[in-house]
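Report on the structure
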Amino acid sequence: MDYKEIMAPYQDLPGGIIEAFHAIQKEQSYLTEDAIIAAAELFEIPVKDAYGVATFYSYFSVNSRGRNVIRICESAPCHIAGANEVIAALEKELGIKMGESTPDGKFALEFAECVGQCQATPVITINGKPYGDVNAEKIPAILAEYE
Amino acid sequence: MANVIIDGIQVSVPDGSTILKAAQVAGVHIPTLCYHPDQAVKANCRICVCEVEGQRLLQAACSQPVWDGMEIKTHSPRVLEARKTILELILAHHPQDCLNCIRNQNCELQDLANEYAIRDNPFEQMVRGLPQDRSTPSIVRDPDKCILCRRCIEACSVFQSVDALGLENRGCQAMVVPSLGKDLLDSPCVMCGQCIHACPVGAIAENEQIDEFLAAVNDPDKIVVTQIAPAVRAAIGEEVGLKTGAMDMNVFVAGLRQVGFDYVLHTNFTADLTILEEGNELLQRLKEGGKLPMFTSCSPGWINFCETYYPDLLDNLSTCKSPQQMFGALVKTYWAEKMGVDPSKIYSVSIMPCTAKKFEASRPEMNDSGYRDVDLVLTTREVGRLFRMAGIDFSRLAPSNFDSWMGAYTGAAVIFGATGGVMEAALRTVYEVVTGKTLEDVNFTFARGMEGIKEAEIDLDGTVVKVAIGHGLANARKLMEQVRAGESPYHFIEIMACPGGCIGGGGQPITKSNAKRAERIQAIYEEDAGLPLRKSHDNPEVKAIYADFLTEPLGDKSHELLHTHYTPKNKKFL
Amino acid sequence: MAEEMRVVLRNYGKIDPLKIEDYINAGGYQALEKARSMSQTDVIEEVRKSGLRGRGGAGFNAGQKWNFAFQAQADQKYVICNADEGEPGTYKDRTIMQGDPHSVLEGMAICGYAIGASKGYIYCRGEYPYVVDLLNQAIDQAREKGVLGDFDIEVRMGAGAYVCGEETALIESIEGHRGEPRFKPPYPPVSGLWGKPTIVNNVETLASVPVILEKGGDWYAGLGAASYPGTKVLTLTGDVVNKTVIEVPTNTTICEVIYDFGGGIAGGKAFKAVQIGGTSGAFIPESLLDTQIDFDSMSAAGASLGSGAVLVMDETRDIVDVVCRIAKFFEHESCGKCAPCREGTMRLHKLMNKLNAGEGSAADIALLNKLGRVMSVACLCGLGQAAPSPVLTTIKHFQPDYNAKLQ
């Protein structure tokens with residue numbers, strides 16, 4: 001993967017490394033060492049700083065993970081609306097625990113804090129797309145969108 | 001000016017002064033932890049918080065500017081509760097094995113815990129359980145002890161522009177790590193050890209090798225020989241309760257005999273020898289159109305930096321080994337021959353102000369004597385521990401002389417320990433070699449002092465040589481960028497990796513401020529001024545080694561034993 | 001019965017957010033035109049006079065803030081719209097941006113004119129990629145129409161860090177760094193983005209600005225509570241009948257919000273507690289429900305209006321469990337820069353966990369109180385200062401819930 005090509009549109013944005021990391025993760029869902037090194041070169045900052053940014057933000061991962069990132073909100077409004085049942089249902093459906101990825105590399109399961117869709121708690125997002133009023137019954141259909 | 005009242009004491013301070021500065025004027029002590037006098041204000045430990053009249057929030061004294069009429073309480077009950085609680089929080093997440101810690105009794109956190117009478121910590125003791133990093137021969141990182149003050153990061157990035165250390169993760173998962181979360185050895189670390197001075201606790205320290213030394217002393221088959229680097233004497237007193245510079249050289253020698261060294265020799269001898277070799281190398285390059293500017297090569301942190309960041313400029317480096325490695329190569333050849341001892345029995349220990357020297361001694365190419373040229377490197381701090389362990393009372397110790405053949409030195413060698421010293425020493429010799437005249441005033445004062453980059457034009461009887469001196473690798477980087485761009489006006493550049501030169505080296509007694517470095521520099525120049533011989537080429541033992549062994553500077557034997565080559569580090573990332 | 005008053009949400013649901021013509025037909029961009037016919041100081045004075053105070057949580061007078069940036073001498077100044085809405089239970093900024101993006105752009109352009117900035121940034125949280133797309137479309141339309149003049153706006157997306165809602169952390173993030181707050185002073189209006197004078201205002205604050213310019217500061221100052229005039233957009237979540245977004249005058253009481261607008265407690269259960277202002281807000285018991293929602297009334301009650309999130313909990317809710325979950329949030333979202341927050345948020349969570357598991361003691365509650373007290377005055381930024389609030393207020397108002405779980 002040519003990381004520099006992916007990041008090139010952001011090269012001239014001052015401080016654009018975060019946008020550039022988003023662009024990479026759109027392609028491969030996490031940041032490899034080579035991607036971080038390439039970003040450091042492109043934005044002319046030390047690698048240690050690029051790495052510091054990559055590990056600061058929840059949406060960036062420096063570890064490999066599934067292509068489709070499922071995030072389950074567990075902030076207070078979703079918590080009292082039953083986020084724990086959603087977590088249990090997703091773990092069961094995918095056969096993995098929170099923080100893990102499916103062996104076929106299709107899904108990653110992560111905790112998230114509030115995603116701002118609190119009119120329809122509990123909420124999950126997949127690759128940023130929100131799904132509201134989620135319950136165990138709805139999960140197979142939602143996941144099927146990503147089959 | 002702003003008039004402020006601190007704990008009832010009225011003081012007038014310049015506008016924009018922080019509470020901390022104002023308190024210093026008022027003679028009021030405010031505790032600090034992340035604050036460092038030579039670094040940017042961080043305000044992240046919150047130990048220095050004070051109460052400001054009319055404010056709900058406590059304010060960090062290190063960052064909060066005063067205003068006219070401000071009333072400050074530095075130890076009200078609210079303040080003391082906050083400080084104690086913050087200390088409890090930090091301590092509860094810090095392995096409290098002070099007795100086993102290399103910084104025991106020399107630790108800012110320990111001092112604060114004592115100052116604030118932390119007894120029954122209400123927070124449950126936790127340790128992160130992160131592995132130690134022993135990847136380099138020079139530096140040991142113990143992340144469990146890290147209190148995240150970030151002073152090491154600034155020392156590494158701002159003073160040194162090495163950028164080896166950064167942050168990883170956030171919140172209570174945050175940690176200071178080498179680049180990409182790798183080991184130090186895989187990072188751009190040059191092992192200068194400036195991070196050690198910056199660290200308030202024992203999270204970064206030298207790779208302590210006292211036990212290896214004691215084992216060698218205990219081995220009847222080993223002849224334990226030492227060399228002492230020029231910067232060590234200026235600072236070793238600080239380790240044994242003396243003032244900076246107060247340790248007499250010959251009393252120091254006597255002390256080393258007490259801890260078990262069989263022979264005590266001096267790196268100053270090879271410092272003088274370096275001047276002969278390096279001075280002639282410079283003249284040869286000037287005459288024969290060699291690569292210019294020529295860079296000095298005494299400082300192993302600097303060599304690592306050049307190999308890492310400026311591999312394209314390695315040909316500019318003098319091929320001279322550092323005085324430590326010249327010594328190592330000679331002690332098992334020339335000296336062994338003179339003394340009639342079996343070189344295989346010699347255990348060569350150097351006492352250095354430097355952590356990078358441990359790495360330098362371990363370089364695979366450093367075996368030109370047919371053996372490991374230097375077997376062990378002890379830092380000034382480690383020798384201080386040996387002295388304390390031996391219970392030596394230096395006030396009652398009879399002075400002792402250096403042993404023969406590699407123990408004589410001049411003032412020119414002494415000043416190798418300070419920034420500008422190698423340049424000044426070289427000029428003392430080069431001037432006389434080129435002009436054939438006697439140098440009346442040997443003091444090249446432009447070369448002295450803490451200014452980051454110093455430069456001069458030296459007239460050698462019509463031949464003008466432009467020279468520059470940089471100390472601290474951030475200054476080196478500025479000079480190197482000029483060279484890389486083809487815009488360097490200089491013929492000769494002296495670089496020392498550490499701020500202040502070797503007196504501020506990573507192996508020296510822990511120093512928090514540049515003020516201490518300046519004191520040590522003064523001690524160096526006082527020693528130089530008091531010596532009868534002050535030019536390297538006047539050193540009688542140097543004359544002897546050329547007469548008996550090396551024949552001439554840059555001769556075959558010199559090339560075999562005293563010169564080296566450099567290799568690009570080819571780091572994957574910087 | 002109290003009624004909604006739609007000032008910020010004036011066009012919500014009435015116009016197509018993706019049609020700039022709709023916004024213009026509704027009177028949009030006239031306030032900007034009007035502002036540009038006024039002197040910069042007059043614009044600032046009009047906003048100051050309106051009494052508009054920041055809707056992000058800190059409640060600073062917007063006009064005064066603008067004046068600091070106006071007074072600062074610099075070759076470049078910036079306007080930043082804080083759209084990093086991260087307070088759990090809050091989605092009002094999303095509602096505003098999705099319903100009426102141009103009101104935000106217009107507010108930014110007015111601010112830019114007033115302080116002398118030609119460049120604006122919208123820092124939108126990474127959780128709203130679809131809002132970023134929408135904003136970019138709106139900006140393109142505004143550029144095409146030329147309504148923004150020489151004022152340019154760029155959208156930057158966050159990447160999942162609650163702390164970036166703090167203005168200096170947000171600035172660090174736009175600069176491409178770790179989103180760690182800076183110590184203040186200097187404040188952003190003097191030294192902000194890339195060291196230049198910078199105004200950081202919340203989405204709701206900026207969306208209020210065009211109306212103020214259009215109808216006058218005096219008109220706005222007459223709405224709601226005198227010391228915190230205007231309206232507030234609130235999002236109702238938890239055990240209310242209507243989980244919805246509303247905009248009400250600031251002299252509305254909490255009781256009216258829950259019962260008149262929220263339709264009361266769902267399932268016919270009894271009220272137990274309400275947390276207002278987001279996850280760092282205080283827990284409010286029944287005895288304080290007659291408090292007005294304005295900034296100062298809430299402060300006097302030991303609470304805060306914050307972002308305007310209203311999380312209602314019925315009698316069956318386990319307060320200690322909810323606060324434990326909130327403590328986990330802060331442990332996860334602390335940036336780790338300052339010691340009391342980095343270590344303190346972790347300890348708050350640990351201690352709450354212990355209590356929630358029925359393994360805690362009275363000494364643990366006392367320790368939480370001490371820790372919370374210290375964090376609230378000693379932490380570097382608002383995150384650490386506010387993090388103990390749910391713990392402290394529940395220990396105060398819901399002591400029996402804690403006692404019931406003691407060992």
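For clarity, every value in this text was computed on a predicted model and none was experimentally measured. Throughout this document, residue positions are counted from 1 along each chain, in the order its sequence is written. For this description, chains carry letters from A and ligands carry numbers from 1, given in the order in which they are written. Thresholds applied to this predicted model are a pLDDT of at least 70 for local features of residues and 80 or more for the giving and counting of side-chain atom pairs; totals over whole chains, interfaces and linings are not thresholded and use all residues. The side-chain numbers reported here are obtained from all heavy atoms of the structure, hydrogens and water having been left aside.

Brief notes about the overall build of chain C
Applied cut-off: Runs of E in the DSSP output that reach at least two residues are strands. Runs of H or I that reach at least four are helices, and both are numbered from the N terminus. For this measure, only C-alpha atoms enter the radius of gyration; the expected value for a globule follows 2.2 Å times N^0.38, where N is the number of residues. Note on exposure labels: buried denotes an accessible area under 20% of the residue type's maximum, exposed denotes more than 50%, and partly exposed covers the range between, all computed with a 1.4 Å probe on protein chains only. Calculation of accessible area relied on Shrake-Rupley with a 1.4 Å probe; when residues are assessed, cover is drawn exclusively from the protein chains displayed. A residue counts as positive if it is Lys or Arg and as negative if it is Asp or Glu; His and the chain ends are not included. By convention, the charge on Lys lies at NZ, on Arg at CZ, on Asp at CG and on Glu at CD.
Helix and strand content of chain C: 18 helices and 11 strands. Since a compact globule built from 407 residues should have a radius of gyration of about 22 Å, the 21 Å found for chain C is in line with a globular shape. Oriented by its inertia axes, the alpha-carbon framework of chain C measures out at about 70 × 45 × 35 Å. A burial count over chain C gives 66% of its 407 residues as buried. As presented, chain C carries roughly 12800 Å² of accessible surface, and 49% of it is formed by carbon and sulfur atoms. In chain C, which carries 40 positive and 49 negative side-chain charges, the distance between the mean positions of the two groups comes to 5 Å.

Examining the overall build of chain B
Going by this rule: When checking whether two residues touch, look at their non-hydrogen atoms; a contact exists if any pair is within 4.5 Å.
For chain B, the count of helices and strands is 19 helices and 17 strands. Its C-alpha atoms give chain B a radius of gyration of 25 Å, near enough to 25 Å, the size a compact globule of 574 residues would have. Counting only C-alpha atoms, chain B reaches 80 × 55 × 50 Å along its principal axes. When the 574 residues of chain B are sorted by exposure, 64% land in the buried category. Counting only contacts in chain B whose residues sit at least 6 apart along the sequence, the fraction spanning at least 24 positions is 73%. Just so you have it, chain B exposes about 20400 Å², and 48% of that area is on carbon and sulfur atoms.

A word on the pattern of salt bridges
Residues and elements named next belong to chain B. Our working rule: The working definition used for a salt bridge is a side-chain nitrogen of Lys or Arg within 4 Å of a carboxyl oxygen of Asp or Glu.
Scanning the entire structure with this criterion turns up 77 salt bridges over all chains. The salt bridge partner of K42 is E154, with a shortest N-O separation of 2.7 Å. With K42 in the loop between α1 (19-26) and β3 (49-52) and E154 in helix α4 (residues 151-159), the pair connects residues that are 112 residues apart, well separated along the chain. Using a relative accessible area of 10% as the deciding quantity, one classes K42 as buried.

Topic: the interface of chain B and chain C
Counted only if it meets this: In this description, buried area is defined as the sum, over both parts, of the accessible area (probe of 1.4 Å) that is lost when the two are combined. Gly is put with the polar residues, along with every residue not named as nonpolar or charged; the nonpolar set is Ala, Val, Leu, Ile, Met, Phe, Trp, Tyr, Cys and Pro, and the charged set is Asp, Glu, Lys and Arg.
The partner chain C presents 35 residues to the 37 residues of chain B that form the contact. Here chain B and chain C share an interface that buries about 3000 Å² over both sides, 57% of which is from carbon and sulfur atoms. Applying the counting criterion to the chain B and chain C interface returns five salt bridges. Counting residues per element, the ones that place at least two in the side of chain B that touches chain C are α2 (77-92) and β7 (165-168) of chain B. Tallied by class, the residues present in the side of chain B that touches chain C amount to 19 nonpolar, seven polar and 11 charged.

Section: the sheet that holds strand β5 (residues 71-73) of chain B
Consider a sheet: its strands pair through backbone hydrogen bonds, and that pairing is either parallel or antiparallel. All names here are of chain B. Where we set the bar: DSSP-based pairing: two strands are paired if at least 2 bridges between them are found. Helix axes are fitted to C-alpha atoms over the stretch in contact, other axes to C-alpha atoms as well, and angles between N-to-C directions run from 0 to 180 degrees.
Taken together, five strands build an open sheet; the order of strands is β2-β1-β5-β3-β4 and the sheet is mixed. Since the sheet does not close on itself, it has two edges, and those belong to β2 (9-13) and β4 (59-60), each with one partner. Bridging between β3 and β4 involves two bridges; their strand directions are antiparallel. Across the sheet, the residue bridging to C50 is Q59, located in β4. Across the sheet, α2 is in contact with β3 and β5; its angle to β3 comes to roughly 160°.

Observations concerning the domain arrangement of chain B
Residues and elements named next belong to chain B. To keep it simple, the criterion reads: For the domain bounds, the source is a domain assignment made automatically or taken from a database. Between N or O atoms, a polar contact is any pair within 3.5 Å; within protein, one atom must be a potential hydrogen donor and the other a potential acceptor, and residues adjacent in sequence are included only when both atoms are from side chains.
Along its sequence, chain B is carved into domain 1 (2-91), domain 2 (128-206) and domain 3 (211-561). Opposite the 19 residues of domain 2 that make contact, domain 3 presents 30 residues. Here domain 2 and domain 3 share an interface that buries about 1900 Å² over both sides, 53% of which is from carbon and sulfur atoms. When the area that domain 2 buries against domain 3 is broken down by residue, the three leading residues are V190, H197 and E206, summing to 34%. Where domain 2 meets domain 3, there are two salt bridges. On the surface where domain 2 and domain 3 come into contact, there are 19 residue pairs in polar contact (both at pLDDT 80 or more). Sorting the residues of the side of domain 2 that touches domain 3 by element identifies α4 and α5 (194-198) as the ones contributing at least two each. When the residues that make up the side of domain 2 that touches domain 3 are grouped by side-chain class, the tally is 10 nonpolar, six polar and three charged.

What to know about the interface of chain C and chain A
Of the residues lining the interface, 50 residues belong to chain C; the matching set on chain A comes to 33 residues. The contact between chain C and chain A buries some 3200 Å² in all, and 56% of this surface belongs to carbon and sulfur atoms. A per-residue breakdown of the area chain C buries against chain A is headed by A159, R178 and R325 of chain C, which together make up 20% of the total. Between chain C and chain A we count three salt bridges in total. Here chain C and chain A share 21 residue pairs in polar contact (both at pLDDT 80 or more) between them. Elements with a contribution of two residues or more to the side of chain C that touches chain A: α7 (129-145), β3 (152-157), α8 (167-174), β7 (231-238), β11 (309-314) and α13 (319-333) of chain C. Here the side of chain C that touches chain A takes eight residues from α13 of chain C, the largest share from any one element. The residue makeup of the side of chain C that touches chain A, split by class, is 21 nonpolar, 13 polar and 16 charged.

Here's the deal with the nonpolar core
Selection rule: Residues belong to a common nonpolar core when they are buried Ala, Val, Leu, Ile, Met, Phe, Trp, Tyr or Cys residues joined through side-chain atoms within 4.5 Å.
Counting residues in hydrophobic clusters, the biggest one holds 235 residues, and the most contacted among them are Y57 of chain A, F252 and W302 of chain B together with M352 of chain C. Tallying contributions element by element places α13 of chain C first for this core, with nine residues. Leave out the neighbours within four places in its chain, and F252 of chain B touches I228, V232, R233, I236, M247, V383 and F387 of chain B. Within the second largest apolar cluster, 61 residues are counted, among which are A31, Y91, A138 and V203 of chain C.

A word on the sheet that holds strand β10 (residues 223-228) of chain B
Residue and element names in this part refer to chain B. If you trace the four strands from one edge of the open sheet to the other, you get β11-β10-β13-β14, paired in parallel fashion. At either margin of the open sheet sits one strand with a lone partner, and together these are β11 (263-266) and β14 (376-379). Within the sheet, the average angular offset between the axes of one strand and its neighbour, ignoring direction, is 25°. Here strand β13 (residues 346-352) pairs with β14 via four bridges, running parallel. If you follow S350 over to β14, its bridge partner there is V377.

Examining the side chain of H94 of chain B
As for its position among the elements, H94 of chain B is in the loop between α2 and α3 (108-115). What makes H94 of chain B buried here is its relative accessible area of 8%.

Quick notes on the packing of aromatic side chains
Residue and element names in this part refer to chain B. This is how it is decided: In summary, the pairing rule links any two rings of Phe, Tyr or Trp, Trp by its six-membered ring, whose centres are within 6.5 Å, and it sorts them by plane angle into stacked for under 30 degrees, edge-to-face for over 60 and tilted for everything else.
Scanning the model with the defined rule gives 25 aromatic pairs over all chains in all. Between F305 and Y309, the ring centres sit 5.2 Å apart and the planes meet at 45°, which makes this aromatic pair tilted. Here Y309 and F305 lie together in helix α10 (residues 300-309), a separation of four residues that amounts to about one turn. Accessibility classification places F305 together with Y309 in one group, the buried group. Relative to F394, the ring of F387 has its centre 4.8 Å away and its plane inclined at 70°; by these criteria the two rings are edge-to-face. Of the residues examined, F394 reaches a relative accessible area of 10% and is grouped as buried. An aromatic cluster of three or more residues is present, and its members are F295, W302, F305, Y309 and Y310.

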